[in-house]
Amino acid sequence: MTTTTTTDPGVTDPGGSAHGATDPTDPTGETMERTTAQAPGTARPTAPHAPDAERLRRWRMVLGADSADSTGCTLTGQDAAMDGALNALYGGGAGKKPGGGRGAGGRSAGLGASAPSVARWLGDIRTYFPSSVVQVMQRDAIDRLGLAALLLEPEMLEAVEADVHLVGTLLSLNKAMPETTKETARAVVRKVVEDLEKRLESRTRATLTGALDRSARISRPRHRDIDWNRTIRANLKNYLPVPGPAGAGGPEGRGTIVPERLIGYGRASRSAKKDVVLCIDQSGSMAASVVYASVFGAVLASMPTLSTRLVVFDTAVVDLTDQLDDPVDVLFGTQLGGGTDINRALAYCQSKITRPADTVVVLISDLYEGGIRDEMLKRVAAMKASGVQFVTLLALSDEGAPAYDHEHAAALGALGAPAFACTPDLFPDVMAAAIEKRPLPIPDKETQQ
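**Digging into the packing of helix α7 (residues 164–172) against helix α10 (residues 287–301)**
Point 1. Running from amino to carboxyl end, α7 crosses α10 at an angle of 105°, the nearest separation of the two axes being 8 Å. The angle between the axes of α7 and α10 places the two elements in the roughly perpendicular class. Every residue of α10 that contacts α7 at Val 164, Val 167, Gly 168 and Leu 171 is listed here: Ala 287, Ala 288, Val 291 and Tyr 292.
Point 2. Residues of the contact of α7 with α10, tallied by class, amount to 7 nonpolar, 1 polar and no charged.

See below:
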């Protein structure tokens, strides 16, 4: 039996065979070889070449079980196991209820509400996917399938990949958590907190120590506290040449600088140079910000040149300053959820300010105010007028652009307190600028209102 091949000029495979008409089942739209018998009714496609088979396999993994017929690709081994883990979470019915899903023959996919089945699924995804992907899938499972309640079981907590978002979920479940689970939950939270401290502490300390030294510049320093580079630059106009023999500094000899003004730092002082007040919105949407702010609060509190106060609020105000030596205690002292009364929180913070010119207040909130808006703005204006450096962060996290109240952000911007989202890596620079009373390093001017 003879065969004919439809060819596309200029497209040739490495073995010299021609590629022909576009195969409608090829998602890439590229050409594939197709052989056709001349006798009617005897057409039979050949197996796809290796590169095409790999593309079909990938599309099959992306599109899910419903694409099995259209791609003509059957998964086996680890591919089938990965596909099962993905289909359990992202199958057609997964977003509707636990246990929902899609699959051939009407079989349902999903994680169900069984702790053992979820634990197995958590183990599977940690086997097949990198940690960053596992964290995203865990978050989706909690949101899509309503699995938060299962995190109240110690066995489940031991199986999950710990990250900031998981900590936020655990904190929201704190009041409903049984005693048998709390110790495991604290261990999970502590692991995340320690990882964050390792990542953030050294740079935060170095950046803020430099800012504090610069902010404490004095004009009559002791000899050991003189900043010689700045002193020389400030007195270059007072350079005097000193005549001398040739070879001793040139024909004119050496010169000298008369230091009319000495510049130095009061480094010897061990008292707190600046007061910092972190005022944190603990509404449910601010979970990641609460985690990061608590870690930063503990780092700042460990610096003797800073006096740090940490206040969390919803409709009530709680001062957690006495727990700053352990950020895990701070986190479990929060209560995510509820309303928001920014005005009440700022009133409390304002009452604790004793050195306005040496105080930085950082409000971390999405600005959805449930209290008295005009009073909130008046308090911010009063604090700024007294010399307080006021910083408004719409979020302190890596989650991207947050949702926030644009009208309140614009009003704060008009008062000279621009509101913007801040990543954890940028936070030390923001604090350093506030301490030195420099313009804040706002990452995206479009978020400034």
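The discussion continues.
**Details of the pairing of strand β12 (residues 419–422)**
Point 1. Neither face of β12 is left uncovered, since the one carrying Ala 419 and Ala 421 and the one carrying Phe 420 and Cys 422 both have all their residues buried.
Point 2. Sheet topology note: the strand β11 (residues 389–396)/β12 ladder contains 4 bridges and is parallel. Within β12, the residue paired with Leu 393 across the bridge is Phe 420.
Point 3. A crossover links β11 with its parallel partner β12, the connecting element being helix α14 (residues 406–414), and its sense is right-handed.

**A word on the nonpolar core**
Considering soluble globular proteins, one finds that nonpolar side chains tend to be buried as a cluster.
Point 1. The biggest cluster of nonpolar side chains holds 84 residues, and the ones touching the most others in it are Trp 121, Leu 170, Val 362 and Phe 427.
Point 2. Broken down by element, this core gets its largest block of residues, 10 residues, from helix α8 (residues 179–215).
Point 3. Discounting residues that sit within four places of it in the chain, Leu 170 has contacts with Leu 151, Leu 157, Met 177, Ala 185, Val 188 and Val 189.
Point 4. Formed by 25 residues, the second largest nonpolar core is a distinct cluster that contains Leu 377, Val 388, Tyr 404 and Ala 419.

**Looking at the packing of helix α3 (residues 77–90) against helix α5 (residues 131–145)**
Point 1. Put simply, α3 and α5 touch, their axes get as near as 9 Å, and they point 35° apart. Facing Ala 85, Leu 86, Ala 88, Leu 89 and Tyr 90 of α3, the residues of α5 in contact are Met 137, Asp 140, Ala 141, Arg 144 and Leu 145.
Point 2. Looking at the contact of α3 with α5 residue by residue, the class counts come to 8 nonpolar, no polar and 2 charged.

**Some points on the sheet that holds strand β7 (residues 274–281)**
Point 1. Taken together, the 6 strands give an open sheet; going across it, the order is β9-β8-β7-β10-β11-β12, and neighbouring strands pair in mixed fashion. At either margin of the open sheet sits one strand with a lone partner, and together these are β9 (317–319) and β12. Geometrically, the sheet is characterised by an average inter-axis angle of 25° between neighbouring strands, direction not taken into account.
Point 2. Here helix α12 (residues 342–351) sits on the sheet in contact with β7, β8 (306–313), β9, β10 (359–364) and β11, set at roughly 155° to β8.

**What about α14?**
Point 1. Among the residues of α14, His 408, Ala 409, Ala 411 and Leu 412 are the ones counted as buried. An end-on view of α14 places all buried positions within 160° of arc, on one side of the element. Projecting away from the buried face of α14 at angles above 90 degrees are the exposed residues Glu 407 and Ala 414.
Point 2. At its buried positions, α14 is contacted by α13 (373–385), β11 and β12.
Point 3. Two to three positions downstream of the cap, the backbone nitrogen of Glu 407 sits 3.1 Å from a side-chain oxygen, assigning the N-cap of α14 to Asp 405.

**Topic: the pattern of salt bridges**
Point 1. Applying the stated rule across the entire model yields 18 salt bridges.
Point 2. The salt bridge partner of Glu 407 is Arg 373, with a shortest N-O separation of 3.8 Å. Here Glu 407, found in helix α14, pairs with Arg 373, found in helix α13; they are 34 residues apart in sequence, far enough to count as distant.
Point 3. Overall, the relative accessible area of 26% leaves Arg 373 in the partly exposed class.
Point 4. A salt bridge links Lys 378 to Glu 375, with the nearest nitrogen and oxygen atoms 3.9 Å apart. Placement of the pair is Lys 378 and Glu 375 together in helix α13, with a separation of 3 residues, close to one helical turn.
Point 5. When its relative accessible area of 54% is taken as the criterion, Lys 378 is described as exposed.
Point 6. Overall, the relative accessible area of 29% leaves Glu 375 in the partly exposed class.
Point 7. Three or more residues joined by partner-sharing salt bridges are found here, namely Glu 54, Arg 57, Arg 58 and Asp 79.

How each quantity is defined
- Residues numbered from 1 in each chain as written.
- Predicted model: local features only at pLDDT ≥ 70, side-chain atom pairs only at ≥ 80, totals over all residues.
- Heavy atoms only, no water.
- Axes fitted to C-alpha atoms, helices over the stretch in contact; angles between N-to-C directions.
- Helix = DSSP H or I, 4+ residues; strand = E, 2+ residues; numbered from the N terminus.
- Parallel < 35°, antiparallel > 145°, perpendicular 65-115°, else oblique.
- Contact = heavy atoms within 4.5 Å.
- Nonpolar A, V, L, I, M, F, W, Y, C, P; charged D, E, K, R; others polar.
- Buried < 20%, exposed > 50% of the residue type's maximum accessible area, 1.4 Å probe, protein only.
- Pairing = 2+ DSSP bridges.
- Right-handed = clockwise from strand over helix to strand, strands pointing away.
- Core = buried A, V, L, I, M, F, W, Y, C linked by side-chain atoms within 4.5 Å.
- Arc of directions from axis to C-beta.
- Polar contact = N/O pair within 3.5 Å; in protein donor to acceptor, adjacent residues only side chain to side chain.
- Salt bridge = Lys/Arg side-chain N within 4 Å of Asp/Glu carboxyl O.

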